[in-house]
Every structure is written in C-alpha cells, then in structure tokens.
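The lines below spell out each chain.
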Amino acid sequence: MYGNSQMYGKGLRPLSIATVLAFAVSLSLIFFYAPLETDQGFIQKIFYLHVPLAITALVGFVVGAIFAVAHLRTDNRKWDAYSYVAIHISVIFAVGGLITGSIWAKASWGHWWVWNEPTLVSFLIVFLLYCTYYPFRYAIEDRDRQARYASVFAVTAGAFVPLNFMAVRMAQSLVHPRVFATAEGGMPGSMLLTFLVSLTAFALLWTTLLKFELVAKSAAGQVRRLRLALDAPGTASSSRIAPEVH
Amino acid sequence: MTPSRVAFAAILGKDLRSELRTLQSLPAMALFAVTAFIIFRFGLDRTSLSGSLASGVLWATLLFAAVLGINRLFVAEREEGGFDAIRLAPIDRSVLFAAKAAALIVYLVALELIAVPIFAVFFLDSAAALGPLVLVLVLTDLGLAAVGTLISSMAVNSRARDLLVPLVLLPLVVPLMIAATGATEPLMIVGGPGYHRFGTWLMVLGLYDLIFALIGWAVFDFLLED
Amino acid sequence: MPESQDQERPAVAVAGLRRDYGDRAALDGVGFELAAGATLVVLGPNGAGKTTLLRILATLLRPSGGEVLVLGCALPKEAWKLRGKIGYLGHEPLLYRDLSGRENLRFHARLHGIAGAAAEARIEELLAAAGMDRRGDDRVADLSAGMRQRLAICRCVLHRPELLLLDEPDSNLDAEGREAARELIGPGSGHTRVVVTHDPERFLPEADAVLRLGIGEAAAVT
C-alpha cells in the first residue's frame, strides 16, 4: 500500500529542488539582468510572470485533455485523476495570469481591462469555460460516470481552446498595435533569455504541483480505504470529492 | 445490426411525433424569443435596430431560446427509459447523437421561422438582410445542435440538469456567436445588406460545426456507458 | 428458440462476478451456470444486488471484475454482439409516455430492424396475447401501471430474444395479466430465463436453479 504513494512520490524531491533553483535564477535575471523597458519602466517586468503563467495554464489545459483521452481509451481511473489535477492547477495558474495581465494593462494602458487585446479576451473565455468544470463534475453522482463525463468535458474544452483564440482574434476589426512583440521576434536577446528561463521555472512549478497533488490524493485515498477496511465511522463516500489515485 | 439509417429515422421520427403531440419545447422557445424582443425594445429604448445592435439582439435572443430546447432534448430518454432501450438495441450508439442533433436542428429552424420574421417586423427597416441571413442561420444551427446535443446528453444525467446546460454551453458557443454576429452585422447595416468578411465568417462557422460534430460523434459512445 | 444454442455450452456462465459502486461492492464473488432453455430464479433481500446482476447480464452495466459469458459473448468486451438477443424487463417499462402502445412497439421494432408488415403482424399478435389490443392506441401516460407492464412484456419479447432477463415480471399484474405473462414469458415460452423476485412461492415452482444473493453472504446455487 505504501509502495503506491512512494511510486507517485518518486522524483518529487529532485523536481522540487529544480523548481526552486529555476525560480531563484529566473527572479535574479528578472530583477538584475533584464533591461528596463524604455516606455514602461519597472512595471514591464510583470511580463515575465504574466506570459509564462498564461502559457503554462493553456498548455496545462491541453495536457489535461491528453490525459482525458488516455482515460477514455484505457478506462484506467488513474488518468482521470491526472486530468483533474492538471486542469485544477491550470485554473489556478490562469487566475494568476488574469490578475497579472490586468495589473499590466492598468500600468501600460491605464485600464484594468481592455477589450481590444484579443489574447486577453480569449484567455478570459477559456478560463470561464474551465471554471464550469467543477460544478459540471460534481453534479454527476455516479463515480465512474463522473470520471467519464469529466474526461469528455476535458477533451471538448481542449479542442475549444485553439478555435476560440482564432475566432476572437478575427473579431478585432483593426489590428491593435501590440506594445510588445511576441516571444518569436523583436525582443532583445537579454529579455528573451529571461523570459525563457521564467517560462521553464513556471513549467517546472506546474509539474511539481501536479506530482504533489497526485501524491497527496493517493495518500488520502489509502487512508480512506484503510479506514473503510477498519469499518471506522464517518467515512461515507461522496461524489463531491476529487478523484483519487489508486 | 440494424442499419444506422433505419435507427436514425426511428429515433428522429419518435422525437418529432412526441413534440408535435405535446408541444413542450417549441411554443416555449418561440414565446421566449418574442418576449425577449419586447424587453430589448424597452431596455435599449429603440424602435428600430441596425448593424451590430440588431445582430446582437437577434443572436442573444435566439441563443437563449435555443437553451430552452436543449435543456429538454434528452429528458424523455432519461425519465422514460429511452437510454436503456437504445442501449439494448443492436444499433450504433452514435446514431442517437445524430438523431438528437437532427431533432434539435428541426426545433431551431422552426424557432427561427417564427422569431426572425417577427424580429424583422419589429426592428428592421427592410427585409433585404433576411435572404443571406438564411446561410448564417443554417450554419449556426448546425454548430448549436452539435454542442447542444453533447452537453445536454451529459447534463441530463446529472442532478443539476437545468443549471448545467447554460453554464457549460454558453462559454463553448462564444466562438460560434462571434462568427454569427460578425456575419450578421454587415447584413443589417443601414442602406442595405453589406458583405464585409461574410465569407470568412461563414468559414469559421463551418469549421466550428465540423470540429464539434466530429467530437460529438467520437465521444458519444462513452456517454452511454454505465 | 434455444435450439440454435450449442447444447454443450451453458447459455449463461458467471464466475467470480464483482460490481462496485464507489467503495461498496454490490456484488462480490457471484457465480452460476444456466443451461439453455432453463430458468434461474434469483432471490435476495433489498439491496442484495439482484437488479445489478440483471443489468450486467443485459449489458446495461459493466462488471467490475470476474467472468461473464452470456450466449457465448464475454462481457463487457463483446457486449455489442449480444444486443438484440436479450429481452430485458426492468422496473421501468421503457415506454415513452406521450406515445401510444402501438407507436412504442413500432419504435422498438424499428430499432431492432423489424419493419413493415412483419412488424405490424408481430405487434398485433403480441398485443392480442397480452390483452392490450383494444387499448393499444391509448397514450401510455393514460394507462394503468398493470397495463404498462403488459406493454413492457410485449416490448421485451418483440424481437424474439434468446434470453429473457426479468425483474419482478408480475409486478402490478392482475390475474388475467399474469396468465398473459405466463404465456409470453413463462416457463413454457421456450426462452432461457433469469427471473429476479421477492416472491419465492410464486416463482420457485418454475425454477431449474436458484441463486440466493445476500448482503455479506456467499452466493449459493441450489
């Protein structure tokens, strides 16, 4: 029984250390190495949090969809737990992305929210869709069915993400002057380096949190099953708990 | 195996016959749409609409009226055992998805046959936009039917059926509504229908229809398992 | 009907069957064999898993573990091969309330690939046998529970299934209804049958085998 927990825990320690190191390097670069942007000054540095947070969240949603496909194909509940945790952490990252984006918008454009920035608007719509994952999931009582429907949701929403970005971008009647060029071009080398290191740090953090959550769930599941085996009271199973790892 | 064509006709025919007999969904959808127009008349304080305002009022109303029908799409299967009956029959399960989507398209077309002319009479200066609008309506109905059927089939097996359909459906149809309103807006500008980026928007609608029809077809099997 | 079956092989063979709902096992270690043409009566208190067993055999529910072989098809893998060969009579009549009995039966006939004159003849034959021919055009919503049960029996045997899975088949039926049920789905009807019931006195005389399901007890076949 303990073997399970250790299996999920495998690699958690080196991963955590790598995450901490990556953040140390990333923050040093952000504050001491990356150049001050001439127009916006210091506040521009929030870019190194905002964009990696948003990118990690979006990639995380797609990873959640891939786990969901694995669940539907193999019928192994482990993948449902992976998908759930991936989406859960990505939603938290998305909240961070929205808040940092809003602060950046206020600093550079003077408004907390701007409708003519298509990436921001698309991101909000995707975020709202994934927020409905929780009420959707917990409204289904049967555990197997809940897992299957949640996977179908994750697959559908995963396909929705690119479609939504395309439609929102097309809806902009005039191309808004981008304050910053995207990572592909126009960015000075030092900024690009800082950005990439920061992105790596957030991707590592996402992976660490995923692993951590899975270990915690696996342990909680074992405790509950042991209690059940001992016939302890107060262990009534409910559909309103996150999926477990077996 | 029963041929899919036969099973499709059987399920669609059964649904339309039930609806014609009980009139549970359609009158509610139509009444809702007309009442919403009246609320917009006073809410916006306008007696005539054009351009983006016209297109927004039309599509918001049609979408929310559609939600009423989508909510009820699988209620009979759930409450009267249709899911079990269909799962016991030697048919391809995806046929149920196709037949229900087809039934929903029929409801949506019927709704639009009533609501769009009334909208034109209430708010539009000329009926010239209605011809090309048919294309937009048809393509949007296909997308709504695909997503609506998928969500409705899941929501009906939950304990929050009427809540989940709008909750999950609305974010999912945002791209569809962007394209539909984008195509409709130039059709309704003052001075006759315009076709600014009309073809592009129709292509977005078509792409959306295709993607969600494929997803629905592919995942529907999993939704019927128990 | 069972003549098509291989005489050597049992129609239903179940071994070590388990079904969990969350952490609770509704069925655990159930096993039995049923010969073609024979009747198995399943007894047990409420919550013993009788209906769960029946739904698993009907391919409506997937087993969590164990081996289930129905008419030569291993469940849940080969469930698709089995559909259409089973007549299932559950708690719910599986009839649409807003359609008439005839319309319901016509719908089910089409789902099972029976159409035209053959379907009409079969439907009239069954309605007559169930004593429902005069009320066949009434909406199901307007019928009494017993009449719905009679229609459900018609639906259950409409497609000439090889195996009948019956959950309290006599529920709500009057004496005349029971007589009709005996004719259509009784031991003389030539079907292989699994009958779930609370009423041992009524069904034990028909039984070739008995399966007792109980909470926490091992299942026993006598």
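Relevant structure appears above.
Notes on the structure in this doc start here. (Residues numbered from 1 in each chain as written. Chains lettered and ligands numbered in written order. Predicted model: local features only at pLDDT ≥ 70, side-chain atom pairs only at ≥ 80, totals over all residues. Heavy atoms only, no water.)

So, about the packing of helix α3 (residues 51-72) of chain B against helix α6 (residues 94-123) of chain B. All names here are of chain B. Direction vectors running N to C along α3 and α6 enclose 145 degrees, while the axes themselves pass 10 Å from each other. The element α3 and its partner α6 pack so that their crossing is right-handed. In this structure, α3 uses Ala 54, Val 57, Leu 58, Leu 62, Ala 65, Ala 66 and Ile 70 to contact α6, whose residues at the interface are Leu 104, Leu 108, Leu 111, Glu 112, Ala 115, Val 116 and Phe 119. (Axes fitted to C-alpha atoms, helices over the stretch in contact; angles between N-to-C directions. Helix = DSSP H or I, 4+ residues; strand = E, 2+ residues; numbered from the N terminus. Left-handed = near helix turned anticlockwise from the far one by under 90°. Contact = heavy atoms within 4.5 Å.)

The next subject is empty space enclosed by the protein. One pass over the full model with this rule turns up three cavities of 30 Å³ or more. For the largest cavity, the calculated volume is near 80 Å³. Forming the boundary of the largest cavity are Ala 85 and Leu 88 of chain B together with Ile 86, Gly 87, Tyr 88, Leu 94, His 108, His 112, Arg 155 and His 159 of chain C. Every element with two or more residues in the lining of the largest cavity is listed here: α5 (82-88) of chain B together with β6 (86-89) of chain C. For the lining of the largest cavity, the element with the highest residue contribution is β6 of chain C, accounting for three residues. Grouping the constituent residues of the lining of the largest cavity by class yields five nonpolar, four polar and one charged. Space inside the second largest cavity adds up to approximately 50 Å³. Pro 169, Asp 170, Ala 181, Arg 182, Ile 185, Gly 186, Pro 187, Arg 193, Arg 202, Phe 203 and Glu 206 of chain C together form the lining of the second largest cavity. Among the secondary structure elements, those contributing two or more residues to the lining of the second largest cavity are α6 (175-185) and α7 (200-203) of chain C. Sort the elements by how many residues they give to the lining of the second largest cavity and α6 of chain C lands first, with three residues. Counted by class, the lining of the second largest cavity contains five nonpolar, one polar and five charged residues. (1 Å grid on protein atoms, 1.4 Å probe; cavity = no way out; pocket = protein on both sides within 12 Å on 5 of 7 lines; lining within 4 Å. Points joined across faces, edges and corners; volume = space filled by probe spheres on them. Nonpolar A, V, L, I, M, F, W, Y, C, P; charged D, E, K, R; others polar.)

Counting residues at the interface gives 28 residues for chain B and 26 residues for chain C. Summed over both partners, the interface of chain B with chain C comes to about 2500 Å²; 59% of that surface belongs to carbon and sulfur atoms. Taken as a group, Glu 80, Leu 88 and Asp 226 of chain B account for 27% of the area that chain B buries against chain C, more than any other trio of residues on that side. Two residues, Glu 103 of chain C and Arg 21 of chain B, come together in a salt bridge whose shortest N-O distance is 2.7 Å. At the boundary of chain B with chain C, the tally comes to 12 residue pairs in polar contact (both at pLDDT 80 or more). For the side of chain B that touches chain C, the secondary-structure elements that each account for two or more residues are α1 (4-22), α4 (75-79) and α5 of chain B. (Buried area = accessible area lost by both parts, 1.4 Å probe. Salt bridge = Lys/Arg side-chain N within 4 Å of Asp/Glu carboxyl O. Polar contact = N/O pair within 3.5 Å; in protein donor to acceptor, adjacent residues only side chain to side chain.)

If you trace the backbone, Thr 156 of chain A turns up in helix α7 (residues 143-171). Apart from residues no more than four positions distant in its own chain, Thr 156 of chain A is found in contact with Leu 150, Leu 172, Phe 212 and Ile 215 of chain B.

Attention shifts here to the interface of chain B and chain A. Taken together, the contacts link 30 residues of chain B with 27 residues of chain A. Both faces combined, the contact of chain B with chain A buries some 2800 Å², and carbon together with sulfur accounts for 76% of it. Contact with chain A buries surface across chain B, with Met 154, Arg 159 and Phe 222 of chain B losing the most and accounting together for 22% of the total. Summed over the shared surface of chain B and chain A, the result is one salt bridge. One salt bridge connects Arg 159 of chain B with Glu 141 of chain A, and the closest N-O pair in it is separated by 3.0 Å. The tally of links between chain B and chain A comes to seven residue pairs in polar contact (both at pLDDT 80 or more).

Turning next to the state of the cysteines. Taken as a whole and judged by the stated rule, the model has zero disulfides over all chains. There is no disulfide at Cys 73 of chain C, and the cysteine sulfur nearest it, in Cys 156 of chain C, is 18 Å away. (Disulfide = S-S within 2.5 Å.)

The next thing to look at is the packing of helix α9 (residues 174-187) of chain B against helix α10 (residues 198-224) of chain B. For any two helices packed against each other, one specifies the crossing angle of their axes together with the interaxial distance. All names here are of chain B. The geometry of α9 relative to α10 is characterised by a closest axis approach of 9 Å and an angle of 155 degrees between their N-to-C directions. Considering the angle they form, α9 stands roughly antiparallel to α10. Like other packed secondary-structure pairs, α9 and α10 cross with a definite hand, here left-handed. On the side of α9, the interface is formed by Pro 175, Leu 176, Ile 178, Ala 179, Ala 180, Gly 182, Ala 183 and Leu 187, while α10 contributes Phe 198, Trp 201, Val 204, Leu 205, Tyr 208 and Asp 209. Here the contact of α9 with α10 is composed, by residue class, of 12 nonpolar, one polar and one charged. (Parallel < 35°, antiparallel > 145°, perpendicular 65-115°, else oblique.)

Before going further, it helps to spend a moment on the sheet that holds strand β2 (residues 24-34) of chain C. All names here are of chain C. Read across the open sheet, the four strands follow the order β2-β1-β4-β5; overall the sheet is antiparallel. Here the strands that pair on one side only, and so sit at the sheet edges, are β2 and β5 (73-75). Across the sheet, the mean angle from the axis of one strand to that of its neighbour is 25 degrees, orientation sign disregarded. Each of β1 (12-21), β2, β4 (65-70) and β5 is contacted by helix α1 (residues 50-57), which is oriented at about 120 degrees to β1, the strand it contacts most. (Pairing = 2+ DSSP bridges.)

Read these as layout, nothing more, since geometry by itself doesn't imply function.
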